[in-house]
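# Fold and geometry: a report
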Amino acid sequence: MRLIEIHEQEWFANELRNDVTETLEFIFSFAGVYRNCVVRLQRALQSCKTRQVVDLCSGGGGPWSWLPRTFQDDHEHPIEVCLTDKYPNRAAFLRIRRLSHNLVNYSLERVDAITVPSHLAGFRTMFTSFHHFPEGEGVSILQQAVDSRQGIGIFEAARCCPTAIVLTPLMFLGAFAAVPFVRPFRASRLFWTYVIPVIPFVLFWDGIVSCLRAYSPKELSQMTACLRNNDYIWEVGEETGGLATVTYLIGCPVE
Ligand SMILES: C[S@@+](CC[C@H](N)C(=O)[O-])C[C@H]1O[C@@H](n2cnc3c(N)ncnc32)[C@H](O)[C@@H]1O
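Below is a short write-up of the structure. None of these values were measured; they are calculated from a predicted model.

Pairing within the open sheet is mixed, and its seven strands lie in the order β3-β2-β1-β4-β5-β7-β6. Looking at which strands have only one partner, the edges of the open sheet turn out to be β3 (104–110) and β6 (232–239). Each strand of the sheet is rotated relative to its neighbour by a mean of 15°, with strand direction disregarded. Pairing geometry for strand β1 (residues 52–56) and strand β4 (residues 123–127), over four bridges, is parallel. Paired with leucine 56 across the strands is methionine 126, a residue of β4.

What follows is the structure, given as C-alpha coordinates:
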(Lines give C-alpha, C1' and ligand atoms only; values in the text may rest on other atoms or scores of the structure.)
Protein backbone atom coordinates (compact mmCIF):
# COMPACT_ATOMS: atom_id res chain seq x y z
CA MET A 1 0.00 0.00 0.00
CA ARG A 2 1.38 3.43 -0.92
CA LEU A 3 0.60 5.31 2.28
CA ILE A 4 3.15 7.92 3.28
CA GLU A 5 5.44 7.81 6.27
CA ILE A 6 5.75 11.26 7.78
CA HIS A 7 9.42 11.16 8.75
CA GLU A 8 10.60 10.41 5.20
CA GLN A 9 8.90 13.49 3.68
CA GLU A 10 11.07 16.37 2.42
CA TRP A 11 8.70 18.85 4.13
CA PHE A 12 9.12 17.26 7.56
CA ALA A 13 11.47 19.36 9.74
CA ASN A 14 14.95 17.86 9.89
CA GLU A 15 15.20 18.30 13.64
CA LEU A 16 11.95 16.40 14.19
CA ARG A 17 13.04 13.67 11.77
CA ASN A 18 16.22 13.28 13.81
CA ASP A 19 14.19 13.16 17.04
CA VAL A 20 12.00 10.41 15.57
CA THR A 21 14.83 8.23 14.20
CA GLU A 22 16.93 8.65 17.37
CA THR A 23 13.95 7.58 19.50
CA LEU A 24 13.38 4.60 17.18
CA GLU A 25 17.06 3.67 17.51
CA PHE A 26 16.82 3.85 21.31
CA ILE A 27 13.65 1.73 21.57
CA PHE A 28 14.87 -0.95 19.12
CA SER A 29 18.35 -1.13 20.68
CA PHE A 30 16.90 -1.26 24.21
CA ALA A 31 14.55 -4.07 23.15
CA GLY A 32 17.33 -5.88 21.25
CA VAL A 33 15.12 -6.12 18.19
CA TYR A 34 17.84 -7.22 15.74
CA ARG A 35 19.86 -9.42 18.14
CA ASN A 36 18.51 -12.58 16.52
CA CYS A 37 20.11 -11.53 13.18
CA VAL A 38 23.69 -11.10 14.41
CA VAL A 39 24.91 -14.58 13.48
CA ARG A 40 23.28 -14.39 10.05
CA LEU A 41 24.97 -11.03 9.37
CA GLN A 42 28.34 -12.30 10.58
CA ARG A 43 28.04 -15.34 8.28
CA ALA A 44 27.07 -13.10 5.36
CA LEU A 45 30.19 -10.94 5.82
CA GLN A 46 32.31 -14.09 5.93
CA SER A 47 30.69 -15.41 2.73
CA CYS A 48 31.33 -12.09 1.00
CA LYS A 49 34.88 -12.03 2.40
CA THR A 50 34.60 -8.46 3.58
CA ARG A 51 34.78 -6.56 6.85
CA GLN A 52 33.51 -3.32 5.33
CA VAL A 53 29.88 -2.37 5.70
CA VAL A 54 27.96 0.52 4.15
CA ASP A 55 24.75 1.02 6.11
CA LEU A 56 22.02 2.73 4.05
CA CYS A 57 19.10 4.71 5.52
CA SER A 58 20.95 4.80 8.86
CA GLY A 59 18.67 7.33 10.57
CA GLY A 60 19.72 7.50 14.23
CA GLY A 61 22.24 4.69 13.66
CA GLY A 62 19.94 1.66 13.92
CA PRO A 63 21.61 -1.32 15.60
CA TRP A 64 25.15 0.00 15.00
CA SER A 65 25.35 1.42 18.54
CA TRP A 66 25.79 -2.16 19.82
CA LEU A 67 26.38 -4.39 16.75
CA PRO A 68 30.16 -3.78 16.36
CA ARG A 69 30.73 -5.23 19.86
CA THR A 70 29.45 -8.58 18.58
CA PHE A 71 32.28 -8.60 16.00
CA GLN A 72 35.04 -7.84 18.49
CA ASP A 73 36.30 -11.41 18.73
CA ASP A 74 38.25 -10.94 15.47
CA HIS A 75 40.87 -8.35 16.46
CA GLU A 76 42.96 -8.93 13.33
CA HIS A 77 40.10 -8.02 11.02
CA PRO A 78 37.91 -5.47 12.80
CA ILE A 79 34.69 -4.52 11.10
CA GLU A 80 34.49 -1.04 9.53
CA VAL A 81 31.08 0.53 9.08
CA CYS A 82 30.01 3.67 7.26
CA LEU A 83 26.61 5.12 8.18
CA THR A 84 24.74 6.97 5.43
CA ASP A 85 21.34 8.53 4.91
CA LYS A 86 19.47 10.76 2.50
CA TYR A 87 19.13 13.14 5.48
CA PRO A 88 22.35 12.48 7.46
CA ASN A 89 22.10 13.10 11.20
CA ARG A 90 25.57 14.27 12.22
CA ALA A 91 24.93 14.34 15.97
CA ALA A 92 23.61 10.77 16.01
CA PHE A 93 26.42 9.51 13.74
CA LEU A 94 29.05 11.12 16.01
CA ARG A 95 27.49 9.44 19.03
CA ILE A 96 27.53 6.01 17.37
CA ARG A 97 31.15 6.53 16.32
CA ARG A 98 32.10 7.29 19.93
CA LEU A 99 30.16 4.29 21.29
CA SER A 100 31.82 1.98 18.76
CA HIS A 101 35.36 3.23 19.50
CA ASN A 102 35.63 4.51 15.92
CA LEU A 103 34.68 1.19 14.27
CA VAL A 104 31.64 2.97 12.90
CA ASN A 105 32.25 6.00 10.73
CA TYR A 106 29.82 8.02 8.62
CA SER A 107 29.35 10.02 5.48
CA LEU A 108 27.76 13.45 5.63
CA GLU A 109 26.90 13.54 1.93
CA ARG A 110 23.26 12.86 1.10
CA VAL A 111 23.29 9.19 0.06
CA ASP A 112 20.15 7.95 -1.65
CA ALA A 113 19.83 4.19 -1.22
CA ILE A 114 18.72 3.95 -4.86
CA THR A 115 21.95 5.46 -6.20
CA VAL A 116 24.80 4.58 -3.87
CA PRO A 117 28.00 6.33 -5.02
CA SER A 118 30.70 3.91 -6.20
CA HIS A 119 33.30 5.15 -3.71
CA LEU A 120 31.17 3.70 -0.88
CA ALA A 121 32.34 0.11 -1.19
CA GLY A 122 31.34 -2.66 1.19
CA PHE A 123 28.55 -5.01 2.18
CA ARG A 124 25.32 -2.96 2.15
CA THR A 125 22.96 -3.19 5.10
CA MET A 126 19.47 -1.80 5.49
CA PHE A 127 17.65 -2.00 8.82
CA THR A 128 13.98 -1.01 9.17
CA SER A 129 14.09 0.82 5.86
CA PHE A 130 13.58 -1.36 2.76
CA HIS A 131 9.80 -0.96 3.10
CA HIS A 132 10.29 2.77 2.28
CA PHE A 133 10.80 1.83 -1.36
CA PRO A 134 8.09 0.76 -3.81
CA GLU A 135 8.75 -2.49 -5.60
CA GLY A 136 10.51 -0.97 -8.64
CA GLU A 137 12.90 1.03 -6.46
CA GLY A 138 13.47 -2.01 -4.25
CA VAL A 139 14.52 -3.99 -7.31
CA SER A 140 16.84 -1.09 -8.34
CA ILE A 141 18.53 -1.21 -4.92
CA LEU A 142 19.16 -4.95 -5.31
CA GLN A 143 20.24 -4.55 -8.96
CA GLN A 144 22.74 -1.83 -7.99
CA ALA A 145 24.28 -4.10 -5.38
CA VAL A 146 24.57 -6.88 -7.98
CA ASP A 147 26.02 -4.54 -10.64
CA SER A 148 28.68 -3.27 -8.25
CA ARG A 149 29.35 -6.80 -6.87
CA GLN A 150 28.63 -5.84 -3.28
CA GLY A 151 26.83 -8.09 -0.83
CA ILE A 152 23.58 -6.82 0.63
CA GLY A 153 21.58 -7.60 3.77
CA ILE A 154 18.07 -6.31 4.35
CA PHE A 155 16.54 -6.68 7.81
CA GLU A 156 12.98 -5.64 8.61
CA ALA A 157 11.25 -5.82 11.98
CA ALA A 158 8.08 -4.36 10.41
CA ARG A 159 5.83 -7.10 9.04
CA CYS A 160 2.46 -6.99 7.34
CA CYS A 161 0.68 -9.23 9.83
CA PRO A 162 -2.02 -8.60 12.47
CA THR A 163 0.29 -9.16 15.48
CA ALA A 164 2.86 -6.61 14.27
CA ILE A 165 0.15 -4.04 13.46
CA VAL A 166 -1.66 -4.55 16.79
CA LEU A 167 1.62 -4.11 18.71
CA THR A 168 2.47 -0.81 16.97
CA PRO A 169 0.58 1.40 19.52
CA LEU A 170 3.34 0.29 21.91
CA MET A 171 5.62 2.62 19.92
CA PHE A 172 3.36 5.52 20.95
CA LEU A 173 3.57 4.56 24.64
CA GLY A 174 7.23 3.54 24.29
CA ALA A 175 8.13 7.05 23.09
CA PHE A 176 6.71 8.61 26.29
CA ALA A 177 8.81 6.26 28.40
CA ALA A 178 11.97 6.41 26.26
CA VAL A 179 12.40 10.07 25.33
CA PRO A 180 14.19 11.29 28.52
CA PHE A 181 16.85 8.62 27.92
CA VAL A 182 17.43 9.21 24.20
CA ARG A 183 20.84 10.64 23.39
CA PRO A 184 22.11 13.12 22.33
CA PHE A 185 19.84 14.93 24.79
CA ARG A 186 17.71 17.79 23.40
CA ALA A 187 15.16 19.73 25.43
CA SER A 188 13.10 20.19 22.24
CA ARG A 189 12.56 16.41 22.17
CA LEU A 190 10.80 16.66 25.55
CA PHE A 191 8.62 19.49 24.21
CA TRP A 192 7.64 17.52 21.08
CA THR A 193 6.76 14.52 23.26
CA TYR A 194 5.11 15.75 26.44
CA VAL A 195 3.69 19.16 25.40
CA ILE A 196 2.77 18.49 21.77
CA PRO A 197 3.21 14.72 21.20
CA VAL A 198 4.46 14.90 17.61
CA ILE A 199 7.22 12.30 18.13
CA PRO A 200 4.96 9.59 19.65
CA PHE A 201 2.35 10.22 16.95
CA VAL A 202 4.86 9.98 14.07
CA LEU A 203 6.33 6.77 15.54
CA PHE A 204 2.83 5.34 15.81
CA TRP A 205 1.64 6.39 12.35
CA ASP A 206 4.88 5.52 10.56
CA GLY A 207 4.97 2.20 12.45
CA ILE A 208 1.53 1.23 11.13
CA VAL A 209 2.41 2.35 7.59
CA SER A 210 5.73 0.46 7.76
CA CYS A 211 3.88 -2.74 8.62
CA LEU A 212 1.42 -2.26 5.76
CA ARG A 213 4.27 -1.56 3.30
CA ALA A 214 6.61 -4.30 4.52
CA TYR A 215 7.52 -7.03 2.02
CA SER A 216 6.99 -10.71 2.81
CA PRO A 217 9.79 -13.24 2.18
CA LYS A 218 7.87 -14.40 -0.91
CA GLU A 219 7.73 -10.86 -2.35
CA LEU A 220 11.45 -10.36 -1.65
CA SER A 221 12.21 -13.62 -3.46
CA GLN A 222 10.17 -12.45 -6.43
CA MET A 223 12.24 -9.24 -6.53
CA THR A 224 15.49 -11.20 -6.74
CA ALA A 225 14.01 -13.23 -9.61
CA CYS A 226 13.76 -9.98 -11.67
CA LEU A 227 17.48 -9.19 -11.42
CA ARG A 228 19.86 -9.18 -14.39
CA ASN A 229 23.33 -10.84 -14.27
CA ASN A 230 22.21 -12.33 -11.02
CA ASP A 231 25.04 -14.69 -10.05
CA TYR A 232 24.25 -14.16 -6.38
CA ILE A 233 23.26 -16.59 -3.67
CA TRP A 234 20.16 -15.23 -1.99
CA GLU A 235 18.86 -16.22 1.42
CA VAL A 236 15.40 -15.06 2.37
CA GLY A 237 13.26 -15.85 5.39
CA GLU A 238 12.14 -14.84 8.83
CA GLU A 239 14.34 -14.92 11.91
CA THR A 240 12.40 -15.79 15.03
CA GLY A 241 13.66 -16.38 18.55
CA GLY A 242 14.10 -12.76 19.64
CA LEU A 243 11.64 -10.15 20.79
CA ALA A 244 10.58 -9.52 17.20
CA THR A 245 10.39 -11.72 14.13
CA VAL A 246 12.67 -10.16 11.53
CA THR A 247 12.28 -10.64 7.79
CA TYR A 248 15.64 -10.80 6.03
CA LEU A 249 17.04 -10.93 2.53
CA ILE A 250 20.76 -11.51 2.12
CA GLY A 251 22.64 -11.67 -1.18
CA CYS A 252 26.30 -12.53 -1.72
CA PRO A 253 28.10 -12.74 -5.07
CA VAL A 254 29.27 -16.18 -6.14
CA GLU A 255 33.05 -16.12 -6.44
C1 LIG B 1 12.80 4.12 9.76
S2 LIG B 1 14.30 5.02 9.58
C3 LIG B 1 15.42 3.68 9.86
C4 LIG B 1 16.65 4.13 10.53
C5 LIG B 1 17.64 3.06 10.96
N6 LIG B 1 18.11 2.24 9.86
C7 LIG B 1 17.16 2.24 12.10
O8 LIG B 1 17.20 1.01 12.01
O9 LIG B 1 16.81 2.80 13.16
C10 LIG B 1 14.43 5.22 7.83
C11 LIG B 1 15.55 6.12 7.39
O12 LIG B 1 15.60 6.07 5.96
C13 LIG B 1 15.98 7.34 5.49
N14 LIG B 1 15.59 7.41 4.07
C15 LIG B 1 14.34 7.55 3.56
N16 LIG B 1 14.39 7.51 2.21
C17 LIG B 1 15.70 7.34 1.87
C18 LIG B 1 16.40 7.20 0.64
N19 LIG B 1 15.76 7.24 -0.54
N20 LIG B 1 17.74 6.99 0.67
C21 LIG B 1 18.41 6.95 1.84
N22 LIG B 1 17.80 7.10 3.05
C23 LIG B 1 16.46 7.27 3.06
C24 LIG B 1 15.28 8.31 6.40
O25 LIG B 1 15.93 9.56 6.41
C26 LIG B 1 15.39 7.58 7.75
O27 LIG B 1 16.51 8.02 8.44
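Moving on, we come to the site of the ligand. Among the 18 residues in the neighbourhood of the ligand, the closest are listed as Cys57, Asp85, Asp112, Ala113 and Phe127. Here an oxygen atom of the ligand sits 3.4 Å away from a polar atom, N or O, in the side chain of threonine 128. Computed on the free molecule, the ligand has an accessible area of 600 Å², of which 95% lies beneath the protein chains in the complex. The element that contributes the greatest number of residues to the shell around the ligand is helix α1 (residues 14–31), accounting for three residues.

Moving on, we come to a nonpolar patch on the surface. A cluster of nonpolar residues, Ile4, Trp11, Phe201 and Trp205, forms a patch on the protein surface that exposes about 440 Å² of accessible area. Residue position: tryptophan 11 is located in the segment before α1. Given a relative accessible area of 60%, tryptophan 11 falls into the exposed group.

What tends to happen in soluble globular proteins is that the nonpolar side chains get buried as a cluster. Among the nonpolar cores identified, the biggest contains 43 residues, and Tyr34, Leu41, Trp64, Leu67, Leu83, Phe123 and Phe155 are the most heavily contacted of them. When residues of this core are assigned to their parent elements, the largest contribution, five residues, is made by α1. Excluding its chain neighbours within four sequence positions, the residues that come into contact with phenylalanine 155 are Tyr34, Cys37, Leu41, Met126, Phe127, Thr128, Val246, Thr247, Tyr248 and Ile250.

Across the interface, helix α7 (residues 187–195) lies against helix α8 (residues 198–213) with an axial gap of 5 Å and an inter-helix angle of 70°. Comparing their axes, α8 and α7 come out roughly perpendicular. Contacts between α7 and α8 involve Arg189, Trp192 and Thr193 from the former and Val198, Ile199 and Pro200 from the latter. Residues of the contact of α7 with α8, tallied by class, amount to four nonpolar, one polar and one charged.

Time to look at the pattern of salt bridges. Taken as a whole and assessed by the stated rule, the structure comprises twelve salt bridges. For glutamate 22, the salt bridge goes to arginine 189, with nearest N and O atoms at 2.4 Å. Taken together, the positions of glutamate 22 in helix α1 and arginine 189 in helix α7 put the pair 167 residues apart, joining distant regions of the chain. Judged by relative accessible area, which is 0%, arginine 189 ranks as buried. Linking arginine 149 and aspartate 231 is a salt bridge whose minimum nitrogen-to-oxygen distance equals 2.9 Å. Placement of arginine 149 in the loop between α4 (135–147) and β5 (152–156) and of aspartate 231 in the loop between α9 (217–225) and β6 is noted, with a sequence separation of 82 residues between them. Judged by its relative accessible area of 39%, arginine 149 is partly exposed. According to the relative accessible area criterion, aspartate 231 is partly exposed, its value standing at 35%.

Rules and cut-offs
Residues numbered from 1 in each chain as written. Predicted model: local features only at pLDDT ≥ 70, side-chain atom pairs only at ≥ 80, totals over all residues. Heavy atoms only, no water. Pairing = 2+ DSSP bridges. Helix = DSSP H or I, 4+ residues; strand = E, 2+ residues; numbered from the N terminus. Axes fitted to C-alpha atoms, helices over the stretch in contact; angles between N-to-C directions. Near = heavy atom within 4 Å. Polar contact = N/O pair within 3.5 Å; in protein donor to acceptor, adjacent residues only side chain to side chain. Areas by Shrake-Rupley, 256 points an atom, 1.4 Å probe, with all protein chains shown as cover. Patch = residues over 30% accessible without salt bridge, like charges linked within 9 Å, V, L, I, M, F, W, Y side chains within 5 Å. Salt bridge = Lys/Arg side-chain N within 4 Å of Asp/Glu carboxyl O. Buried < 20%, exposed > 50% of the residue type's maximum accessible area, 1.4 Å probe, protein only. Core = buried A, V, L, I, M, F, W, Y, C linked by side-chain atoms within 4.5 Å. Contact = heavy atoms within 4.5 Å. Parallel < 35°, antiparallel > 145°, perpendicular 65-115°, else oblique. Nonpolar A, V, L, I, M, F, W, Y, C, P; charged D, E, K, R; others polar.

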